[in-house]
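Residues per chain are reported as follows:
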Amino acid sequence: MNKRLVLISLLALGLSGCSSQVSYGDPQQVETVDVSFGSTDLQTIAGEMTDSMIASPLLVDITAKGRPIVFVDRIKNKTTEHIDTESVTDTISTKLLQSGKFRFVDMTTVNQVREQLGFQNDSDLVDPSKAIAFGQQVGAEYMLYGNLSSIVKTNKKTKDVYYKMTMRLLDLKTGLVEWADETEIRKAETKSTLGW
């Protein structure tokens, strides 16, 4: 009986050592778990690119005349990491939209929009006088696109990662690049004497 009680106690103690604790943190707090691309990097890049675009003298002039319509192409990931570049793209376009200076067309929803308009116009379920006709959408005037790249260097003690984000705004009518900028982030991780 005592052996069984000791065994149960040890098992309970062992299982309690495997438990984890979850807590909420400040999403704006600097995240430094490792040198991989993280939330702080995403926020930094999105903020710097948005601020640069809004402050550009040419874009100040363009947006003074109205809210240009922009198509945002997904940021291309040219790093060796798996990075959710759609999240980077979404954050940049959201910040630009919230500035009140730009409007956007969402090319990721073209098929769903076409399907909905087809449903409205081709089915007997929608009142024809209230159906939205094909051919009334507005086209983009500009395309915003970019790349995220990295260079990783390592030696016995240090891992150094350099990230560079480049973005451009292209006038779709003229083919001219009206704005371009890049921002950089460098992160280093030093190996302790006991290993990573």
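### As for the packing of aromatic side chains
Counted according to the given criterion, the structure contains one aromatic pair. Between F37 and Y163, the ring centres sit 5.4 Å apart and the planes meet at 75°, which makes this aromatic pair edge-to-face. Taken together, the positions of F37 in the loop between α1 (2-16) and α2 (39-55) and Y163 in strand β5 (residues 158-171) put the pair 126 residues apart, joining distant regions of the chain. Both residues of the pair, F37 and Y163, count as buried.

### Remarks on the pattern of salt bridges
Taken as a whole and judged by the stated rule, the model has six salt bridges. Of the charged contacts in the structure, one is a salt bridge between D61 and K65, with a shortest N-O distance of 3.6 Å.

### Looking at the pairing of strand β6 (residues 177-190)
In this structure, β5 lies alongside β6, joined through 13 bridges in antiparallel fashion. Paired with L170 across the two strands is V177, which belongs to β6. Where β5 hands over to β6, the hairpin turn is made up of five residues, of which G175 adopts a positive phi near 80°.

### Section: the pairing of strand β1 (residues 69-72)
Burial of the side chains of β1 extends over both faces: I69 and F71 are buried on one face and V70 and V72 on the other. Sheet analysis places β1 next to strand β3 (residues 103-105), joined by three bridges and oriented parallel. Bridge assignment links I69 to a residue of β3, and that residue is R103. Here three bridges tie β1 to strand β4 (residues 142-154), and the two strands are oriented parallel to one another. Looking across to β4, one finds that V70 is bridged to Y142.

### What about the packing of α2 against helix α4 (residues 85-98)?
Two numbers describe how α2 lies on α4: the axes approach to 9 Å, and their chain directions differ by 40°. On the basis of the axis angle, α2 is oblique to α4. In this structure, α2 meets α4 at a crossing whose hand is right-handed. On the side of α2, the interface is formed by L42, I45, A46, G47, M49, T50, M53 and I54, while α4 contributes S87, V88, T91, I92, K95 and L96. The class makeup of the residues in the contact of α2 with α4 is nine nonpolar, four polar and one charged.

Parameters at a glance
Counting of residues starts from 1 at the beginning of each chain's written sequence and follows it residue by residue. In keeping with the model being predicted, local features are shown solely for residues with a pLDDT of at least 70 and side-chain atom pairs are shown and tallied solely at 80 or more, while totals for entire chains, interfaces and linings include all residues. To obtain the side-chain values, all non-hydrogen atoms of the structure were included, while hydrogens and water were left out. Any two rings among Phe, Tyr and Trp, with Trp reduced to its six-membered ring, count as a pair given centres within 6.5 Å; such a pair is stacked if its planes are under 30 degrees apart, edge-to-face if over 60, and tilted if neither. By definition, any uninterrupted DSSP run of H or I lasting at least four residues is a helix, any uninterrupted run of E lasting at least two residues is a strand, and each is numbered from the N terminus. Note on exposure labels: buried denotes an accessible area under 20% of the residue type's maximum, exposed denotes more than 50%, and partly exposed covers the range between, all computed with a 1.4 Å probe on protein chains only. Whenever a carboxyl oxygen of Asp or Glu lies within 4 Å of a side-chain nitrogen of Lys or Arg, that contact is scored as a salt bridge. Following DSSP output, two strands are said to pair if at least two bridges run between them. Between the N-to-C directions of two axes lies an angle of 0 to 180 degrees, each axis being a line fitted to C-alpha atoms and, for a helix, fitted only over the stretch in contact. Comment on the angle field: the value is read as roughly parallel under 35 degrees, roughly antiparallel over 145, roughly perpendicular from 65 to 115, and oblique elsewhere. By the definition used in this description, the sense in which the near helix is turned from the far one sets the handedness, with an anticlockwise turn below a right angle giving left-handed and a clockwise turn giving right-handed. Any two residues having at least one pair of non-hydrogen atoms within 4.5 Å are treated as being in contact. Each residue receives one of three labels: charged for Asp, Glu, Lys and Arg, nonpolar for Ala, Val, Leu, Ile, Met, Phe, Trp, Tyr, Cys and Pro, and polar for the others, Gly being one of them.

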